Amino acid sequence: METQNLVSDDAKIISVNISKKKGTKKKSVGEDPQEVILDFGLENDAHAGDWHRQVSFLADESIQKVRDAGLQVGSGDFAENFTTVGVDLKNIPLGTILKLGDEVEVEISQIGKVCHTKCAIYHLMGDCIFPHEGIFAVVRKAGKIKAGDKIELLKLGDGHCDATPESALQELEEAKRCGTL
C-alpha cells in the first residue's frame, strides 16, 4: 500500500468537536486548544473513556458527499471528534500511528462501526456515512490539539491493534457479511 496516498503533505484537522452526551451531534470548540488524555480521549467529551474508541475521525471529503446530496451538514454532525482533510481514512489499516499537531499520537483501533440506532441523517438519506467512512483510535501520547493542526503518518499499521477487542472486529465482519455495513 502506498503511504503517500493515505496522508497528504497538507493533511490537517479542520475541526475539533466534543459533546456532553453520547448519541448527540458534537459541537466545534473553534480554535481553542483541547487536552487529549493518554488512554482516554478528548477531555470533556462523552465518548472518551477506557475503551478502544477513545477518539473518532471523519474526513470533510466524506461530509461533502452528504452536502452534495442536499443536506446541510458540517463538522461534528456525525459525532466525530476530528474532522480532517487530506487523509484517506477509509483505507488506513488498524494499528497505524498518526501524529496530530506537535504532541498527540493515536493508534487506529477500528474502521467503521455498526449503528444500532438509526440517526436523523440515515432517515433522510437512507444511509449514513460514518459507519462506512469514520474511524476510531486510542490515544498513545497525550497533549493539546486544535483546529488547523497537521496530521502526519508515523507508522503504517499491519491490520491489528492490541486495544481492539475481538468482539468488535467480529461484529463488523458480521455486519459486512449481512450487507448492513
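Further up the page is the structure itself.
Residue numbers here run from 1 along each chain, matching the order of that chain's written sequence. Reporting in this predicted model follows two pLDDT cut-offs: at least 70 for local features of residues, and 80 or more for side-chain atom pairs to be given and counted; totals over whole chains, interfaces and linings ignore these cut-offs and use all residues. Each side-chain value is worked out from all heavy atoms of the structure, with water and hydrogens disregarded.

### Some remarks on the packing of aromatic side chains
Inference 1: Any pair of Phe, Tyr and Trp rings, taking the six-membered ring for Trp, is counted once the centres come within 6.5 Å. Such a pair is stacked with planes under 30 degrees apart, edge-to-face with planes over 60 apart, and tilted for the rest. The tally for this structure, following the rule as stated, stands at one aromatic pair.
Inference 2: The interplanar angle of 45 degrees and the centroid separation of 5.1 Å between the aromatic rings of Phe 57 and Phe 82 together place this pair among those described as tilted. Here Phe 82 lies in strand β6 (residues 82-87) and Phe 57 lies in strand β5 (residues 55-59), a separation of 25 residues in the sequence.
Inference 3: Between buried and exposed lies partly exposed: a residue is buried under 20% and exposed over 50% of the maximum accessible area for its type, with that area taken using a 1.4 Å probe on protein chains only. A relative accessible area of 1% places Phe 82 in the buried class.
Inference 4: The criterion is that NZ of a Lys, or CZ of an Arg, lies within 6 Å of the ring centre and within 35 degrees of the ring normal, and then a charge sits over that ring. One residue, Lys 22, lies across the ring of Trp 51, its end atom 4.9 Å from the ring centre. A run of H or I in DSSP counts as a helix once it spans at least four residues, and a run of E counts as a strand once it spans at least two, with each numbered from the N terminus.

### Regarding the sheet that holds strand β10 (residues 143-145)
Inference 1: The sheet built from three strands is open, its strands ordered β4-β3-β10 with antiparallel pairing. The strands lining the two open edges of the sheet, one partner per strand, are β4 (41-42) and β10.
Inference 2: Between any two strands, at least two bridges found by DSSP are needed for them to pair. The pairing of strand β3 (residues 34-37) with β10 spans three bridges and is antiparallel. Counted as the bridge partner of Gln 34 is Ile 145 from β10.

### Description of helix α1 (residues 60-68)
Inference 1: Among the residues making up α1, those that are buried are Asp 60, Ser 62, Ile 63 and Val 66. Projected onto a plane normal to the axis of α1, the buried residues spread over an arc of 155 degrees and lie on a single side. This arc describes the spread of directions from the helix axis toward the C-beta atoms.

### Here we look at the sheet that holds β6
Inference 1: One open sheet holds the eight strands; their spatial order is β2-β1-β6-β5-β9-β8-β7-β11, and the pairing between them is mixed. Because the sheet does not close on itself, it has two edges, and the strands there are β2 (27-28) and β11 (151-155).

### Points about the pairing of β6
Inference 1: Of the strand pairs in this sheet, strand β1 (residues 7-18) and β6 are connected by five bridges, and their pairing is antiparallel. Pairing of Ser 15 across the sheet is with Thr 83, part of β6.
Inference 2: Across three bridges, the pairing between β5 and β6 is parallel. Note on β6: the bridge partner recorded for Ala 59 is Thr 84.
Inference 3: Here a crossover is taken to be right-handed if, once the strands point away from the viewer, the path from the first strand over the helix to the second is traced clockwise. Regarding the hand of the β-α-β motif, the stretch spanning β5, α1 and β6 is right-handed.

### Section: the environment of Leu 169
Inference 1: You can see Leu 169 is positioned in helix α4 (residues 166-178).
Inference 2: Note: C-alpha distance between Leu 169 and Ile 111 (58 residues apart in sequence) is 9.3 Å.
Inference 3: The criterion used for residue contact is that any of the two residues' heavy atoms lie within 4.5 Å. Leu 169 has contacts with Leu 94 and Thr 164, leaving out every residue within four places of it along the chain.

### Notes on the pattern of salt bridges
Inference 1: A pair is scored as a salt bridge if a Lys or Arg side-chain nitrogen falls within 4 Å of a carboxyl oxygen belonging to Asp or Glu. Under the counting rule described, the total for this entry stands at nine salt bridges.
Inference 2: Of the charged contacts, one joins Arg 140 and Asp 39 as a salt bridge, the two residues approaching to 3.8 Å between their closest N and O atoms. Remark: Asp 39 occurs in the loop between β3 and β4 and Arg 140 occurs in strand β9 (residues 135-141); sequence separation between them is 101 residues.
Inference 3: For Arg 140, a relative accessible area of 34% corresponds to the partly exposed category.

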